[in-house]
Protein chains: 2
Amino acid sequence: MMTPLEELRHSSAHVLATAVVRLFPEALLDIGPPTDTGFYYDFDLTHRFIPEDLERIEAEMRKVTEENQVFTRKEVSRSEAKALFENRGQSYKISRLADIPEEEAVSLYTNGEFTDLCAGTHVKETGEIKAFKLLSIAGAYHRGDEKNKQLQRIYGAAFFTTAELDVYLQQMELAKQRDHRKLGRELELFTFDTEDVGPGLPLWLPKGTVLIEELEKLAKETEFAAGYQRVRTPHIARENLYLMSGHLPYYKESMFPPMEFSESEGDAPVRYYLKAMNCPHHHKLFGAIPRSYRDLPLRLAEYGTCYRYEQSGELMGLMRVRSMQMNDAHIYCSEDQFAAEFRAVNEMYLKYFNIFGLKNYMMRFSTHDPKKLGEKFVDEPELWKKTENMVRNVLVESGINFVEVPNEAAFYGPKIDVQVWSAIGREFTIATNQVDFAVPRRFNLEYTTNENSKATPLCIHRAPLGTHERFIGFLIEHFGGGFPVWMAPEQVRFLPIAEDMHAYALDLAAKCHAEGIRVTVDQHTDKLGGKVRRAQEQKVPYMLVVGKKEAAENKVSVRSREKGDEGPQTFDDFLSRIRNDIHTRRLTVKLDA
Amino acid sequence: MMTPLEELRHSSAHVLATAVVRLFPEALLDIGPPTDTGFYYDFDLTHRFIPEDLERIEAEMRKVTEENQVFTRKEVSRSEAKALFENRGQSYKISRLADIPEEEAVSLYTNGEFTDLCAGTHVKETGEIKAFKLLSIAGAYHRGDEKNKQLQRIYGAAFFTTAELDVYLQQMELAKQRDHRKLGRELELFTFDTEDVGPGLPLWLPKGTVLIEELEKLAKETEFAAGYQRVRTPHIARENLYLMSGHLPYYKESMFPPMEFSESEGDAPVRYYLKAMNCPHHHKLFGAIPRSYRDLPLRLAEYGTCYRYEQSGELMGLMRVRSMQMNDAHIYCSEDQFAAEFRAVNEMYLKYFNIFGLKNYMMRFSTHDPKKLGEKFVDEPELWKKTENMVRNVLVESGINFVEVPNEAAFYGPKIDVQVWSAIGREFTIATNQVDFAVPRRFNLEYTTNENSKATPLCIHRAPLGTHERFIGFLIEHFGGGFPVWMAPEQVRFLPIAEDMHAYALDLAAKCHAEGIRVTVDQHTDKLGGKVRRAQEQKVPYMLVVGKKEAAENKVSVRSREKGDEGPQTFDDFLSRIRNDIHTRRLTVKLDA
């Protein structure tokens, strides 16, 4: 059964097909399902659709809806349906007919002159469809198989009301303007060199590197305060490590292939892999020194770069890459310490959301299924129950927004996936927060308890800021490239009104720079308007206009990205203000886009 | 011709052989040259030397010197020499005899009953050898070839005076105590896991990671102030990049073997290499955006981790590794800007030396040979002359300690190698500072000049702090593990006199931690003496003893590594003091070991 909204969208697809057949009677029809925001329909015809066609088709759809055609359902025999579509030469429909199980009824839906093979369901009449818009044309293989012919797919949006449609179209437009690949280029944040460096391997330009370094600084401060200790591990390891962790052979497809060489001339070759995750290296660090209960909880953190193989066709900007700088940490603790550690990790997530102005989030708590112990889930019934209870209690007590999803835990323990929504409504899975019963044992990790016995620690895997690549990609779109002052690649730009003001501007800029502020002076010789425009394009949070008057009074005229023209203030006042913005990591942006 | 000191040492080797033959008449003799600090001799005999043998042999040597035997030289015919050694069954001597060119005279040196095949030269009499000591036994292949038999080598030290010998033996002892591998283990700085991770790949424990992070912080601050911009690049790249840079195939032996895979299923495989240097990636970043003279000098900095293949037998602690975190930067500039940039780089070296208390350094300026242009050196005669002059002028004007070495430049430009000496006299080559005429052109790097034409920038490669691995290895030995407060892994340790003082200590420790100070509280229940000893072993710069009296007055009793027991002071005074140590990076260590 379709929901009413799905019915509306599915019916819109039929209206689209009705219009296309009116305009292009030779069009062969494949299928036309609803989508999350509208619908599409796949056509096969010699004419290549161009954007202007969408207008014509949309106008024709409008007529069909005004005609207020009634949708009628008719059940027919398989041979009757076949005859109908053979008669019309609709070969894709005949192919689709063969998919319907013998025992199921074949149903046709008709509106006006148009009849489609269709299981339904639909709205009553085409007149119900009022808020729709055709969006784009794309290529799509019949049945999604590249061995088949490529068809032409027309996408559309459809909502109950025009108001909803308008909001959606506006979001789409914003998303396009804020596309992180587009902004990454315009703001000179990162670049790719597919030919010589390789696809999916971002090269971070200085301005993008500022974002990385500011995020790392935030993480380091936050983690230092929370009692984490930092470690560094190499980007490669011998095959042995991944056999021990179990990543080989099970995860092999996602890893880069090995480098094989002899440790010394004449030795048998050994295999080294690029690391696809940091855990095994961290487990080795835990195990490198005898550990006692006094050392726990031991929180090892690293911004470790991992490498994962993805087919080049799957790569997408910063969102799907092959190199990942991960805000990783592993917390080794006793069972007694678990609840407090887990709570602290969640609170750290919330602290970060607050800093970035992420108001909407959802934690997805995946638990085990007791019927699948020893098969899908490690066979520790008591530990599962106990840990899941602890996790659930922490979530409830902290008033955290979460849903519980049974049977979706990892093999070795329950996990929490965290989803956030950007200022323009984009959903994003930041990271996973996992409990691990099993792997510490595989690595023979143990500590001496206060009763002088040996015990295996639990391990919490966590990465609240995810990877630099994906998180920065997300933030670029969330902030539309206009980052809060503390992380802005360029925080202040001086705009001298004339060339004889350059010296004054350079002098003040040097004072900013000495405080660690990222500052430039626009020394071009054009007029102020041009300078302002350039600074706006680069989304610089503070422009400081300096002319004779300002110089005489040791002032600057502030134009902030947040409030516009704020008039003159003393340079010292401005310095105090930006120091405070940076120090408190103030959210100096308007997020209601 | 040997120097007088070499003669003394070479003669000591003969005295060693004289003594060994007296004690082990069946010993076969190979060779016995002088070394930088003494001498060795290689023997073949069934008896395996043990440390106690060294004492007996040394005592026998003492007798030989007291006998004051005269060294006499005799030139003999080849056949005469052969007969002599055949008669004694000295097969290695016969083999060595064959190495002497036919036209050269064969000379024998005799002292007392001992005669050796030897080109000389020697001291007059064995009595001149007064200050010597046997040090160790090692295995050594005949002619250094592992296909030959392994001989037993005895090493000794020899100097003109006993005072010089004592200084040397003391330095040796200090070097042993300060061996970075030993201290690295004792201070829990780093570890290796040869079996599962791989040899030459250090895993940095939290305390070692502090050293890394503090060095990076220093570099980032220093480089920000000097107008550098930071970048990040992946650890891998396609083969193309290294073909373009010329590293392939010429540098292939030092690179890890490639990973070969298809970008997408069904594509032809391509090769990816782990980067062995950061330059090609940085050149790509320079080239990613159109550059103008306004952008120059462009100083791109990265602590990039590089990987180089070394045979496992060549690896040594942190000094010879396979993974290298490099304090790398590339400065792209015009010819006009070169001298100022080069001077600034040198000044940065000196600034760092000052921070680490490195008083002795030497810059080795390698220049080209005009006769080898186009062959050993890129064929740019004017650029060579001009740049070398600029470099020389900068060095002279800055009063920098340097030597000039002709014919040792890199292919693509002059270079400077910087050597420093640690507090215990260890020599260490930190890094190279190179000028590059050639590679920017290979990468088609160019900028628009202020006359709107295109020009290729010069590139300065520089890395004043070298790699974390080698530089930290060096600093561990330089500081003997007792790092200045600003970089000490643990800066402050509270030593509560009794358990009821724990709360007071924890409270003050929390105040330190909130300021970013690395602090612990010794909560063991043993007496103060034990606590002090543990803190001393860990070389913690500040121990704060707290008892009832201190708690009552809001004071702490300071025991500093620098000055010992300093008595009570207010906690606020102590905080101001350590803040200042950290902020100014004060050299809070005694370096006259």
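Numbering of residues starts from 1 in every chain and runs along the sequence as written. Chains and ligands are labelled by the order in which they are written, letters from A for the one and numbers from 1 for the other. Local features in this predicted model are restricted to residues whose pLDDT is 70 or higher, and side-chain atom pairs enter the listing and the counts only when it is 80 or higher, whereas totals over whole chains, interfaces and linings include all residues. No hydrogens and no water enter the side-chain calculation; it runs on all heavy atoms of the structure.

**Student:** An account of the sheet that holds strand β14 (residues 291-292) of chain B is requested, with residue identities and associated values reported.
**Tutor:** Residues and elements named next belong to chain B. When DSSP finds two or more bridges between two strands, those strands count as paired. Each helix is a run of H or I in the DSSP string that is no shorter than four residues. Each strand is a run of E no shorter than two, and both are numbered from the N terminus. If you walk across this open sheet you meet the 3 strands as β14-β21-β22, and the pairing is mixed. The open sheet has two free edges, formed respectively by β14 and β22 (454-455), since each of these has just one partner strand. In the sheet, β14 pairs with strand β21 (residues 447-448) via 2 bridges, with the strands oriented parallel. Among the inter-strand pairings, Ser 292 is bridged to a residue of β21, identified as Thr 448.

**Student:** Lay out the environment of Thr 588 of chain B in plain terms, naming residues and giving numbers.
**Tutor:** Residue and element names in this part refer to chain B. Residue position: Thr 588 is located in the segment after α18 (571-583). When the C-alpha positions of Thr 588 and Cys 279 are compared, they lie 36 Å apart, and in sequence the two are 309 residues distant. We define a polar contact as two N or O atoms separated by no more than 3.5 Å, with the added condition that, inside protein, one atom must be a possible hydrogen donor and the other a possible acceptor, whereas residues neighbouring each other in sequence contribute only through side-chain atom pairs. In terms of polar contacts, Thr 588 uses its side chain to reach the backbone amide nitrogen of Val 485, at 2.9 Å.

**Student:** Can you tell me about the side chain of Ser 323 of chain A, naming the residues and giving the values?
**Tutor:** Along the polypeptide, Ser 323 of chain A turns up in strand β16 (residues 323-333). Contacts of Ser 323 of chain A, omitting those with residues within four sequence positions, involve Gly 200, Leu 201, Pro 202, Cys 306, Tyr 307 and Glu 469 of chain A. Only heavy atoms matter for contacts: two residues are in contact if any of them lie within 4.5 Å across the pair.

**Student:** Summarise the environment of Lys 359 of chain B; cite the residues concerned and give the values.
**Tutor:** With respect to the secondary-structure elements, Lys 359 of chain B resides in the loop between α11 (335-355) and β17 (360-366). Separated by 61 residues in sequence, Lys 359 of chain B and Val 420 of chain B place their C-alpha atoms 8.0 Å apart.

**Student:** I'd like a description of the sheet that holds strand β14 (residues 291-292) of chain A, backed by residues and values.
**Tutor:** Taken together, the 3 strands give an open sheet; going across it, the order is β14-β21-β22 (chain A), and neighbouring strands pair in mixed fashion. Each having just a single partner strand, β14 and β22 (454-455) of chain A make up the two edges of the open sheet.

**Student:** Mind laying out the packing of aromatic side chains, listing which residues take part and the relevant values?
**Tutor:** A ring pair, where both rings are aromatic, is described by two values, the distance of the centres and the angle of the planes. Ring geometry is summarised as follows: Phe, Tyr and Trp rings, the Trp one being its six-membered ring, pair when their centres sit within 6.5 Å, and such pairs are stacked at plane angles under 30 degrees, edge-to-face over 60 and tilted between the two. Scanning all chains against the criterion turns up 54 aromatic pairs over all chains. With a centroid separation of 6.1 Å and an interplanar angle of 85°, the aromatic rings of Phe 43 of chain A and Phe 49 of chain A are classed as edge-to-face. Each of the two residues, Phe 43 of chain A as well as Phe 49 of chain A, counts as buried. Taking 5.5 Å as the distance between ring centres and 25° as the angle between the ring planes, the aromatic pair formed by Phe 338 of chain A and Phe 342 of chain A counts as stacked. Here Phe 342 of chain A and Phe 338 of chain A lie together in helix α11 (residues 335-355), a separation of 4 residues that amounts to about one turn. Neither Phe 338 of chain A nor Phe 342 of chain A differs from the other in exposure class; each is buried. Of note, Arg 291 of chain A hangs over the ring of Phe 286 of chain A, and the distance from its end group to the ring centre comes to 5.4 Å. Throughout this description, the term charge over a ring refers to an Arg CZ or Lys NZ atom that lies within 6 Å of the ring centre and within 35 degrees of the ring normal. We note Arg 585 of chain B situated over the ring of Trp 486 of chain B; from NZ or CZ to the ring centre the distance is 5.2 Å. Note on exposure labels: buried denotes an accessible area under 20% of the residue type's maximum, exposed denotes more than 50%, and partly exposed covers the range between, all computed with a 1.4 Å probe on protein chains only.

Worth remembering: the numbers are spatial, not functional.
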